[in-house]
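One letter stands for each residue in the lines below.
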Amino acid sequence: MLLVGSWQFRSGLISDLGGPENDLMAMETLMRGQGATDITVLRNDGVSRTTVETALHALGLRSKPGD
C-alpha cells in the first residue's frame with residue numbers, strides 16, 4: 001500500500017492544511033489494523049513525482065500473485 005499526504009506548502013499562495021496529517025495517520029492505523037504490513041508512507045517534502053513513481057515501482061516489484 002502506498003499512502004501519500006502533503007499538508008505543508010512552501011508558497012505564499014497556498015496555506016498549510018490541518019486535516020491531511022490526521023487523515024494520513026488514520027488511514028495507516030486502519031490498514032495496519034486490517035493486517036496490512038507492506039505500507040509505504042510519503043509525507044510533505046518526501047512527496048514528488050519521482051518519489052511516488054519510485055514507491056509504486058517498488059511496490060510492484062514486491063507484489064506476488066494473488067495480492
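What you see is a predicted model; the values in this text were computed from it and never measured. (Residues numbered from 1 in each chain as written. Predicted model: local features only at pLDDT ≥ 70, side-chain atom pairs only at ≥ 80, totals over all residues. Heavy atoms only, no water.)

**Student:** Help me understand the side chain of Asn44, please; the structure alone is not making it clear to me.
**Tutor:** With respect to the element layout, Asn44 can be found in the loop between β2 (40-43) and α2 (49-62). You can call Asn44 buried: its relative accessible area is 12%. There is a polar contact of 2.7 Å between the side chain of Asn44 and the backbone nitrogen of Trp7. Residues in contact with Asn44, not counting those within four places in the same chain, are Gly5, Ser6, Trp7 and Gln8. (Helix = DSSP H or I, 4+ residues; strand = E, 2+ residues; numbered from the N terminus. Buried < 20%, exposed > 50% of the residue type's maximum accessible area, 1.4 Å probe, protein only. Polar contact = N/O pair within 3.5 Å; in protein donor to acceptor, adjacent residues only side chain to side chain. Contact = heavy atoms within 4.5 Å.)

**Student:** Just checking my understanding: could you explain the side chain of Glu28 for this structure?
**Tutor:** Tracing the backbone through its elements, the reader meets Glu28 in helix α1 (residues 20-33). Take Glu28: its relative accessible area is 17%, and that puts it in the buried class. Residues in contact with Glu28, not counting those within four places in the same chain, are Leu3, Ile39, Val41 and Arg43.

**Student:** Even after reading the chapter, I still don't get α1, so can you show me in this structure?
**Tutor:** Since there are 3.6 residues in each turn of an α-helix, residues three or four apart along the chain are aligned in direction. With 14 residues, α1 should cover 20 Å at 1.5 Å per step; its first-to-last C-alpha distance of 20 Å lies within 8% of that length. Of all the positions in α1, only Leu24, Glu28 and Met31 are classed as buried. Taken down its axis, α1 places every buried residue within 70° of arc, on the same side. Of the residues in α1, the exposed ones pointing more than 90 degrees away from the buried face are Thr29 and Gly33. Residues of α1 that are buried in the fold lie against β1 (2-5) and β2. Looking one or two places after α1, you find Gly35, whose phi comes out positive at around 100°. (Expected span 1.5 Å × (residues − 1). Arc of directions from axis to C-beta.)

**Student:** Would you explain the environment of Arg49 in this entry?
**Tutor:** Residue placement: Arg49 occurs in helix α2. Between the C-alpha atoms of Arg49 and Glu21, which are 28 residues apart in sequence, the distance is 19 Å.

**Student:** Please explain the pairing of β1 as it appears in this structure.
**Tutor:** Strand residues, when the strand is regular, have side chains that alternate between the two faces of the sheet. Residues Leu3 and Gly5 point to one face of β1 and are all buried, whereas Leu2 and Val4, pointing to the other face, are not buried. Relative to β2, β1 runs parallel, the two sharing four bridges. Paired with Val4 across the bridge in β2 is Leu42. For the segment spanning β1, α1 and β2, crossover handedness is right-handed. (Pairing = 2+ DSSP bridges. Right-handed = clockwise from strand over helix to strand, strands pointing away.)

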